Amino acid sequence: MTAAAPKRFHWIDYAKAIGILLVVFGHVIIGMRFSAFTQFPPWMQTTEFYVYSFHMPLFFLLSGYVFPISKDKAFGRFLGSSLINLFLPYLIWNVLFALLKNLSSDSVHVAVPLSDIPKVILHPIQHFWFLPYLFLIRFLYWFAERIDGSRGLGVLAAGFSAWYLIYWALGIQDAVDPRFYMGLAMFGLGTLLERRSELLDALRRVGTLAACILAWAALATVCYLYGVGLFVPLAALAGAAAVVSLALLLPAPAAPGSRALAFLGEASLGIYITHGIFIALTRTLLLKVHVTAIGVHILLGTTVAVICPITLVIVANRLGLSPFIGLGRNWSSRYLRGHVFRDTQPLARPGNN
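Report follows, based on the coordinates. (Residues numbered from 1 in each chain as written. Predicted model: local features only at pLDDT ≥ 70, side-chain atom pairs only at ≥ 80, totals over all residues. Heavy atoms only, no water.)

Observations regarding the side chain of His55
For step 1, the next point in the chain: Relative to the elements of secondary structure, His55 occurs in helix α3 (residues 55-65).
For step 2, the next point in the chain: Here His55 falls in the buried class, since its relative accessible area comes to 2%.
For step 3, the next point in the chain: For His55, the contacting residues outside a window of four places in its chain are Leu22 and Val23. (Helix = DSSP H or I, 4+ residues; strand = E, 2+ residues; numbered from the N terminus. Buried < 20%, exposed > 50% of the residue type's maximum accessible area, 1.4 Å probe, protein only. Contact = heavy atoms within 4.5 Å.)

In structure tokens, the structure reads:
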């Protein structure tokens, strides 16, 4: 039986939609760079760098913002929802993706030997790193909130944010994946943003949007040209803030186009989990018929890797199969069933709109 959709507010779905489109587009490009492609012009590598500078920090920021919806749950419910929405999708699709990479080894990044399949459970391949990292980060912040309430969240967020800046500023090398540090910091900043409504008020201005875009472009360019470490987290924050600002400025999802965009955000988990398979399959088929035009690969790869996961998500939800095939909980879209959205409380706290 499909569960009713939780109360949510549309600007977050807009932001997630923009983020997931960038994720798919970026993975199409990076997939071409590491596959059997002989053409890879410099502009594609530059585009890849700019997209990667902020699109995953954005998702950690948004996850931190909606964290209050989960933090009040008892440990058992919190663990259950985390297992269904993060761990099981990672376990199922990480292994499945590794198996499929062996079927098209000439057009994927690096094929995973069948003997190494059990190892991918502890070592995520490609984009699946996000799921176990978010799983762990949510628990760290959940325990911090249980120990010392909002102050515990604030201390943890401030500490990890400071460490993330120091880490890049000093060029520290350790055994921890830098993306984990990034997730810890951006998730924490998201929890702080949720408690400071005046920051959202400030972000919902055209001038702020322009400033964030300019700051991100300048910081990312310095990183790209000169490799200034301190600017890496600053560019990530500026880029994520620009997307949030744009999402806040967009109107309520009343028109078909805005509803479709918001639905992409609603379905972003399913798209994120499965899009890599459809990118690889599309690239494999195009190369089999000797299609090497970059534009065709980008257009078809991105389109197929958005439409096919959405179709899979819709079918799985209607059949009530999502938890069993690693697509998270069953849910019912508010954007596809005619819910009336009004922009009267666009900055409402999670669960109150």
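Here the narrative resumes, following the displayed structure.
Remarks on the pattern of salt bridges
For step 1, the next point in the chain: This structure, assessed with the given rule, holds 5 salt bridges.
For step 2, the next point in the chain: Linking Glu48 and Arg33 is a salt bridge whose minimum nitrogen-to-oxygen distance equals 2.5 Å. Highlighted residues: Glu48 in helix α2 (residues 42-52) and Arg33 in helix α1 (residues 10-33), separated in sequence by 15 residues.
For step 3, the next point in the chain: Among the residues examined, Glu48 registers a relative accessible area of 9% and is labelled buried.
For step 4, the next point in the chain: Look at Arg33 and you get partly exposed, because its relative accessible area is 29%.
For step 5, the next point in the chain: A salt bridge links Arg179 to Asp177, with the nearest nitrogen and oxygen atoms 2.8 Å apart.
For step 6, the next point in the chain: The partly exposed category is assigned to Arg179, whose relative accessible area is 35%. (Salt bridge = Lys/Arg side-chain N within 4 Å of Asp/Glu carboxyl O.)

Regarding a nonpolar patch on the surface
For step 1, the next point in the chain: Taken together, the side chains of Leu165, Tyr224, Leu225, Tyr226, Val228, Leu230 and Leu234 define a hydrophobic patch exposed on the protein surface, amounting to about 610 Å² of accessible area.
For step 2, the next point in the chain: For the nonpolar patch, the element with the highest residue contribution is helix α9 (residues 206-226), accounting for 3 residues.
For step 3, the next point in the chain: In this structure, Val228 sits in the loop between α9 and α10 (231-249). (Patch = residues over 30% accessible without salt bridge, like charges linked within 9 Å, V, L, I, M, F, W, Y side chains within 5 Å. Areas by Shrake-Rupley, 256 points an atom, 1.4 Å probe, with all protein chains shown as cover.)

Digging into the packing of aromatic side chains
For step 1, the next point in the chain: Under the defined criterion, the tally for this structure stands at 35 aromatic pairs.
For step 2, the next point in the chain: Arranged with centres 5.9 Å apart and planes meeting at 55°, the rings of Phe9 and Tyr65 form a pair that is tilted. Highlighted residues: Phe9 in the segment before α1 and Tyr65 in helix α3, separated in sequence by 56 residues.
For step 3, the next point in the chain: Taken together through their ring pairs, the aromatic side chains of Phe67, Phe75, Phe78, Phe87, Tyr90, Phe135, Phe139, Tyr141, Trp142, Phe143, Phe160 and Phe187 make up a single cluster. (Phe/Tyr/Trp six-rings, centres within 6.5 Å; stacked < 30°, edge-to-face > 60°.)

Observations regarding the packing of α1 against helix α12 (residues 268-288)
For step 1, the next point in the chain: Running from N to C, α1 and α12 cross one another at 25°; their axes reach a closest spacing of 10 Å. The angle between α1 and α12 places the two elements in the roughly parallel class. Considering only the axes of α1 and α12, their crossing is right-handed. Facing α1, whose interface residues are Lys16, Ile20, Val23, Val24, His27, Val28, Gly31 and Met32, α12 presents Ser268, Ile271, Tyr272, His275, Ile279 and Arg283.
For step 2, the next point in the chain: Per-class residue counts for the contact of α1 with α12 are 8 nonpolar, 4 polar and 2 charged. (Axes fitted to C-alpha atoms, helices over the stretch in contact; angles between N-to-C directions. Parallel < 35°, antiparallel > 145°, perpendicular 65-115°, else oblique. Left-handed = near helix turned anticlockwise from the far one by under 90°. Nonpolar A, V, L, I, M, F, W, Y, C, P; charged D, E, K, R; others polar.)

Side note on the packing of α1 against helix α13 (residues 294-319)
Packed helix pairs are characterised by how far apart their axes lie and by the angle those axes make with each other.
For step 1, the next point in the chain: Where α1 meets α13, the closest approach of the two axes is 9 Å, and the angle between their N-to-C directions is 135°. Classified by the angle between their axes, α1 and α13 sit oblique to one another. Classified by chirality, the crossing of α13 by α1 is right-handed. Between α1 and α13, the residues in contact are Leu21, Val24, Phe25, Val28 and Met32 and Ile294, His297, Ile298, Gly301, Thr302, Ala305 and Val306, respectively.
For step 2, the next point in the chain: Here the residues of the contact of α1 with α13 are counted per class, giving 9 nonpolar, 3 polar and no charged.

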